[in-house]
Amino acid sequence: MEQSKHLSGMLPEELEALALRLGEKPYRGRQLFEQIHARLAGSLDDVTVLPGAFRKRLADEGFSAHGLSISQVLESTDTTIKMGLSTVDGLVVESVLIPMETGAFTQCMSSQAGCALACEFCMTGTLGWTRNLTAAEIVDQHLLALARFPDRPVKNLVFMGMGEPLLNVDEVVKAIRLLQHEKARSLSPRRITVSTAGIVPGIRRLGQEVDCQLAVSLNAPTQELRAELMPVSRRYPLDELMAALKEFPLLPRRRITFEYVLLPGVNDSPAHARDLVRLLSHIRCKVNLIPFNPFPGSRFGRPSDESVDRFLELLSAKQMMATIRRSRGADILAACGQLAGKKG
Ligand code: SF4
């Protein structure tokens, strides 16, 4: 798998340089960019604005429009769609379209095949890590979804699928630049959220290199409990994480989102809620409470609605902005922490 051979992962200036190298005018590269990103060309054959000889030259050199192809589509009873997408080296990554109350869709994007971080509550983490996805393979999740489901207005992208985006920060940053490009999808920075388990150097780089929203998978208000649930916290302890978050460039009216998976009897007591309020009191933020979705082999159960509501009330009583995110698509294993690249 050669990343440079997938044109969807190349910026306009890279495509201009490629066109020039192959004996064409640079504007042919810009045309190629627009056809792939704005007009959702599925293959080089679809890019009929380009001379046939140029397309043939690209194909002869091993270039293709995309790095992924759709291998499976599952639709949940609640209209959530889970796509299985194949890489050219035979891996399957997953991306999910989630219906929002507004009628628009949010797309959950994967950044790696598998994940190395082994969070206790996550099915993806049980599989281990295979490799980072390329910028083309990240962008393609969105482009292929738009082409396949033209009636689904995908308004938001969240990097919450398979993998830890900030352990693949080069390709994730490039993919975000591609998706935000005015001649491509022109996605607003407010509509792209990168969710991290707390990779401190990656948070710093993300803040410096690209404009997007940041979410942090927190799940515990103390270092001791967090290290138990998320082994990554031993490498990047809570105090270092909070220090990096306080420095993260936040535009006015933006907030960092903290995700907190509620695990019954583990992190959902009133004392945990109080500790959480204390921990986050100096950060402009909101908290997403996510009732745990059990998956085969997980050691946690599902919290009761009453305990979830009680936790929310305790946060709200302290003026902490908080919501409950009830996961969609649980019947097709498309809910949070259930993406595992498995068929069926
Ligand atoms: S929750 Fe995220 S970071 Fe943790 S194992 Fe799952 S995919 Fe990896």
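Preceding this section is the structure that the text describes.
Residues numbered from 1 in each chain as written. Predicted model: local features only at pLDDT ≥ 70, side-chain atom pairs only at ≥ 80, totals over all residues. Heavy atoms only, no water.

Trainee: Help me get a handle on the sheet that holds strand β1 (residues 68–75), residues and values and all.
Mentor: Two modes of strand pairing occur in sheets, parallel and antiparallel, and in both the strands are linked by backbone hydrogen bonds. Spatially, the ten strands line up as an open sheet ordered β1-β2-β3-β4-β7-β8-β9-β10-β11-β12, and their pairing is mixed. Edge strands, defined here as strands with exactly one partner in the open sheet, are β1 and β12 (322–324). For this sheet, the mean angle separating the axes of adjacent strands, direction not counted, is 25 degrees. Taken together, the seven bridges between strand β10 (residues 256–262) and strand β11 (residues 285–291) define a ladder with parallel strand orientation. In the strand pairing of β11, I256 is matched with C285. Here helix α4 (residues 135–148) sits on the sheet in contact with β1, β2 (81–87), β3 (92–99), β4 (105–108) and β7 (154–159), set at roughly 55 degrees to β1. (Pairing = 2+ DSSP bridges. Helix = DSSP H or I, 4+ residues; strand = E, 2+ residues; numbered from the N terminus. Axes fitted to C-alpha atoms, helices over the stretch in contact; angles between N-to-C directions. Contact = heavy atoms within 4.5 Å.)

Trainee: Talk me through the pairing of β3; I want residue IDs and the actual numbers.
Mentor: Across the eight residues that make up β3, a large majority, six, are buried. Bridge count between β2 and β3: six bridges; the pairing is antiparallel. Within β3, the residue paired with M83 across the bridge is S95. Counting the residues between successive antiparallel strands, the hairpin from β2 to β3 contains four residues, one of them, G90, with a positive phi of roughly 85 degrees. As paired elements, β3 and β4 share four bridges and run antiparallel to each other. Among the inter-strand pairings, P99 is bridged to a residue of β4, identified as F105. Linking two consecutive strands that pair antiparallel, namely β3 and β4, is a turn of five residues; a positive phi of about 100 degrees is found at G103 within it. (Buried < 20%, exposed > 50% of the residue type's maximum accessible area, 1.4 Å probe, protein only.)

Trainee: Tell me about the site of the ligand, and please be specific about residues and values.
Mentor: Around the ligand, the neighbouring residues are C115, L117, A118, C119, C122, T124, G125, G163 and A197. A per-class count over the shell around the ligand returns six nonpolar, three polar and no charged. (Near = heavy atom within 4 Å. Nonpolar A, V, L, I, M, F, W, Y, C, P; charged D, E, K, R; others polar.)

Trainee: With reference to specific residues and values, describe unusual backbone geometry.
Mentor: Leaving glycine aside, a negative phi is the common case for residues, and trans is the common case for peptide bonds. Despite not being glycine, T79 has its phi angle at roughly 75 degrees, a positive value. The phi torsion at A118 lies on the positive side, around 50 degrees, for a residue other than glycine. Tracing the backbone through its elements, the reader meets A118 in the loop between β5 (112–114) and β6 (129–132). According to the relative accessible area criterion, A118 is partly exposed, its value standing at 38%.

Trainee: Explain the pairing of β2 to me, and be specific about the residues and the numbers.
Mentor: Extensive coverage of β2 is indicated by the burial of seven of its seven residues. Alternating positions in β2 separate into two faces, I81, M83, L85 and T87 on one and K82, G84 and S86 on the other, with burial throughout. As defined by bridge partners, β1 adjoins β2 across seven bridges and the pair is classed as antiparallel. By the bridge assignment for β2, S69 is matched with S86. Where β1 folds back on β2, the antiparallel hairpin that results is connected by five residues, among which T79 adopts a positive phi of roughly 75 degrees.

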